[in-house]
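# A closer look at the structure
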Amino acid sequence: MGSGNIFLVGMMGSGKSTLGRTLAQRLHLPFADTDRVLVERTGVPVATIFEIEGEAGFRRRESAVLAELARGDDKVVATGGGAILSPDNRVLMREGGTVVYLRARLEHLWERTRHDTSRPLLATADPRATLAQLLEARDPLYREVAHVVVDTGTQSATTLVSRVIAALRRHEEEERH
Ligand code: S3P
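To start, this report covers the structure provided alongside it. Since this is a predicted model, take the numbers as computed values, not measurements. (Residues numbered from 1 in each chain as written. Predicted model: local features only at pLDDT ≥ 70, side-chain atom pairs only at ≥ 80, totals over all residues. Heavy atoms only, no water.)

### A few points about helix α6 (residues 127–145)
Between its first and last C-alpha, α6 extends 26 Å over 19 residues, near the 27 Å set by a 1.5 Å rise per residue. If you look at α6, its biggest bend is around 40°, right at Arg138, and the proline Pro140 turns up within four residues after that. Every buried residue of α6 is accounted for by Thr130, Leu131, Leu134, Leu135, Arg138, Asp139, Leu141, Tyr142 and Val145. Of the surrounding elements, those touching the buried residues of α6 are β1 (5–9), α3 (46–71), α4 (87–95), β4 (97–103) and α5 (106–113). (Helix = DSSP H or I, 4+ residues; strand = E, 2+ residues; numbered from the N terminus. Expected span 1.5 Å × (residues − 1). Bend = angle between axes of the 7 residues up to and from the residue. Buried < 20%, exposed > 50% of the residue type's maximum accessible area, 1.4 Å probe, protein only. Contact = heavy atoms within 4.5 Å.)

Laid out in structure tokens, this is it:
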């Protein structure tokens, strides 16, 4: 695989962190997760950052961590679902490596997030509708920033990771021609 970071983007529940860890192992690259870095640095959960600093405060921290990770050695970076909202973040990822959009259907995303209380944006009266709105609003941004789109569903992590690697290789081939 060529050089540069691999950024994983996609909705909450699309499996960026799980896939990212396996992908990094297969490619012998380090792995980083922007949310995880934020939680380690602040010592509090993402929901608490939202509570104290609001979404705007969280986004500022997220952008700073992303920029820092993008500057370092090549790695696989799992981003938070909303990292693509900032145009600067999109440019940073698009130019700083290869961006993979893990695209998932609403039903799948809902299955994977419905019992989860750690995501502040889904703490609404109708979290499924919120998820649907977020997907609709963000899907164009994920597609805009992505070099590669991989559909995810119920397949195992191993199968998915092989498909991502195949898609990355195809992309690299296309870039060469
Ligand atoms: C968010 C997604 C979360 C986390 C925060 C906001 C979003 O990350 O960054 O709760 O705006 O979609 P995951 O995509 O890893 O759940």
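Having seen it, we continue.
### Considerations on the site of the ligand
The environment of the ligand is formed by 14 residues, the closest being Lys16, Asp35, Arg59, Arg119 and Arg138. The separation between an oxygen atom of the ligand and a polar main-chain atom of Gly82 is 3.4 Å. One nitrogen or oxygen atom from the side chain of Arg138 is found 2.6 Å from an oxygen atom belonging to the ligand. Computed on the free molecule, the ligand has an accessible area of 380 Å², of which 95% lies beneath the protein chains in the complex. Under a 2 Å grid-point criterion requiring more than half of the atoms, the pocket assigned to the ligand is the largest pocket. Looking at the shell around the ligand residue by residue, the class counts come to five nonpolar, three polar and six charged. (Near = heavy atom within 4 Å. Polar contact = N/O pair within 3.5 Å; in protein donor to acceptor, adjacent residues only side chain to side chain. Areas by Shrake-Rupley, 256 points an atom, 1.4 Å probe, with all protein chains shown as cover. 1 Å grid on protein atoms, 1.4 Å probe; cavity = no way out; pocket = protein on both sides within 12 Å on 5 of 7 lines; lining within 4 Å. Sits in = over half its atoms within 2 Å of the grid points. Nonpolar A, V, L, I, M, F, W, Y, C, P; charged D, E, K, R; others polar.)

### So, the sheet that holds strand β5 (residues 148–151)
Pairing is parallel across the open sheet formed by five strands, whose spatial order is β2-β3-β1-β4-β5. Every other strand in the sheet has two partners, leaving β2 (31–33) and β5 as the edge strands with one partner each. With direction set aside, neighbouring strand axes in the sheet form an average angle of 20°. Of the strands in this sheet, β1, β2, β3 (76–78) and β4 are in contact with helix α1 (residues 16–27), which crosses β1 at around 160°. Contacts from α3 reach β1, β2 and β3 within the one sheet, and its direction differs from that of β1 by about 150°. (Pairing = 2+ DSSP bridges. Axes fitted to C-alpha atoms, helices over the stretch in contact; angles between N-to-C directions.)

### Looking at the pairing of β4
With six of seven residues buried, β4 is to be regarded as a mostly interior element. Where β1 meets β4, five bridges bridge the pair, whose relative direction is parallel. Looking at the pairing, Phe7 lines up with Val99 of β4.

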